[in-house]
Structure formats: C-alpha cells, structure tokens
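A closer look at the structure
Spelled out from the first residue to the last, the chains are:
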Amino acid sequence: MTHPDIEKIEKLGCLNPTDYAVIGDCRYCGSPLYDDGFEHTKSMDGLFCDIDCCHEFYSIEAF
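Residues numbered from 1 in each chain as written. Predicted model: local features only at pLDDT ≥ 70, side-chain atom pairs only at ≥ 80, totals over all residues. Heavy atoms only, no water.

This next bit is on the overall build of the chain. A tally of helices and strands in the chain yields two helices and four strands. Reading the chain from its N terminus to its C terminus gives the helix and strand order α-β-β-β-β-α. The proportion of buried residues among the 63 residues of the chain is 27%. In the chain, once contacts between residues fewer than 6 apart in sequence are set aside, the share between residues at least 24 apart is 26%. (Helix = DSSP H or I, 4+ residues; strand = E, 2+ residues; numbered from the N terminus. Buried < 20%, exposed > 50% of the residue type's maximum accessible area, 1.4 Å probe, protein only. Contact = heavy atoms within 4.5 Å.)

See below:
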C-alpha cells in the first residue's frame, strides 16, 4: 500500500491543496478527503481514500 501523502501529491501535485473543500477523513488511515473530482471508496461505514484502505479496514485480502 502506498502512503496516502504520496498518493495525494501524485493526484493533486502538492501535499496541502487549498483550492478544494475537505469532505471528510478516510475511515482507515485518517487522511483528509477533498472534493477534488477524484473518486473515493464509499461503504456503509464511511469514506475511504482508496480501495486498499477499505480492504484493510474490513480485513479483506485482495487476490
């Protein structure tokens, strides 16, 4: 799993974007989620920054 800060820089080009509104935090790793047009993983328990965090939260092994 890639560190959330690295993924944020890859997606947004910077670590602390100021142009996007925060819509919540990742349920697993706590990273802030922005209304930036990128998809987030949504479940019945909340939002996750990506599918890997969702899998870790529910202890799901991906094949």
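Of all hydrophobic cores here, the largest spans six residues; its members are C26, L33, F48, C49, C53 and C54. Discounting residues that sit within four places of it in the chain, L33 has contacts with A21, V22, I23, G24, D25, C26, H40, L47, F48 and C49. (Core = buried A, V, L, I, M, F, W, Y, C linked by side-chain atoms within 4.5 Å.)

For the chain, per-residue confidence averages 81 on the pLDDT scale, and residues scoring 70 or more make up 81% of the total. Across the chain, the element-wise mean pLDDT spans from 72 in helix 1 (residues 4–12) up to 93 in strand 4 (residues 46–48). (pLDDT = per-residue confidence, 0-100.)

Before going further, it helps to examine the environment of E39. Looking at where E39 falls in the secondary structure, it is placed in the loop between strand 2 (32–34) and strand 3 (41–43). With 10 residues separating them along the chain, E39 and C49 place their C-alpha atoms 8.3 Å apart.

Another aspect to go through is the side chain of S31. Positionally, S31 belongs in the loop between strand 1 (22–25) and strand 2. With relative accessibility at 12%, the residue S31 sits in the buried group. S31 has contacts with P4, G24, D25 and C26, leaving out every residue within four places of it along the chain.

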